[in-house]
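Fold and contact review
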Amino acid sequence: MSARIELPPVEQLSSGQFRGLNCVWCGVKLTTGAVSAGIARGRSGAHILDTEVWSCPNCVSVPVPDREPGDHQ
Ligand SMILES: [Zn+2]
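Residue numbering note: each chain is counted from 1, following its sequence as written. Restriction of local features to residues with pLDDT of at least 70 applies here, the model being predicted, together with a cutoff of 80 or more for giving and counting side-chain atom pairs; totals for whole chains, interfaces and linings are based on all residues. By convention in this description, side-chain values take in all heavy atoms of the structure and omit both hydrogens and water.

**Some details on the overall build of the chain**
Just so we agree on the cut-off: Numbering of helices and strands starts at the N terminus; helices are DSSP runs of H or I of at least 4 residues and strands are runs of E of at least 2. Relative accessible area decides the class of each residue, using a 1.4 Å probe on protein chains only: under 20% of the type maximum gives buried, over 50% gives exposed, and in between gives partly exposed. Working rule for contacts: check all heavy atoms of both residues, and any pair within 4.5 Å makes them a contact. Where accessible areas are quoted, they stem from the Shrake-Rupley method and a 1.4 Å probe; at the residue level, only the protein chains shown are allowed to cover.
Counting its regular elements, the chain contains two helices and four strands. Along the chain, helices and strands appear, N-terminal first, in the series α-β-β-β-β-α. Looking at the chain residue by residue over its 73 residues, the buried ones come to 23%. Look at the contacts in the chain between residues 6 or more apart in sequence, and 47% of them connect residues 24 or more apart. Counting only carbon and sulfur atoms, one obtains 52% of the accessible surface of the chain, whose full area is about 5600 Å².

**What about the coordination of the zinc ion?**
We apply this condition: Sites may look incomplete, because water is not among the atoms used; the donor set itself consists of N, O and S atoms within 2.8 Å of the metal (3.2 Å for Na, K and Ca). Square planar and octahedral sites, with four and six donors, are those where opposite donors lie more than 155 degrees apart and all other angles lie between 65 and 115, tetrahedral sites have four donors with every angle between 85 and 135 degrees, and the rest are irregular.
Within the protein, the atoms that donate to the zinc ion are Cys23 (SG), Cys26 (SG), Cys56 (SG) and Cys59 (SG), at distances of 2.2 to 2.3 Å. The coordination sphere of the zinc ion comprises four donor atoms, whose angles at the metal cover 105 to 113°; the geometry is tetrahedral. When the donor residues of the zinc ion are listed from N- to C-terminus, their spacing reads C-x2-C-x29-C-x2-C. Classification of Cys23 by relative accessible area gives buried; the value is 0%.

**As for the side chain of Asn22**
Defined as follows: Side-chain atoms alone can form a polar contact between residues adjacent in sequence; in general such a contact is a pair of N or O atoms within 3.5 Å, and within protein one must be able to donate a hydrogen while the other accepts it.
Along the polypeptide, Asn22 turns up in the loop between α1 (15-18) and β1 (35-40). Given the relative accessible area of 17%, Asn22 is considered buried. Of note is the side chain of Asn22, whose polar atom sits 3.0 Å from the backbone oxygen of Gly27. When residues no more than four places from it in sequence are discounted, the contact partners of Asn22 are Gly16, Gln17, Gly27, Val28, Lys29, Leu30 and Trp54.

Given below as structure tokens:
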């Protein structure tokens, strides 16, 4: 599985996700600990709708491969 996660296009976002009020991945309402997930791309005719979208802490912990597991065999 690739670590690179494609953001959904802007057209698929809810209004809350588009406005950064809800997690872009699971849709949960963001309160604290929200992390920028990047820029979702979209356009409507001549208008560019690119917007920064946000992830809840639970979702953002999934795709980050930085951390070594503490114990393994
Ligand atoms: Zn989430």
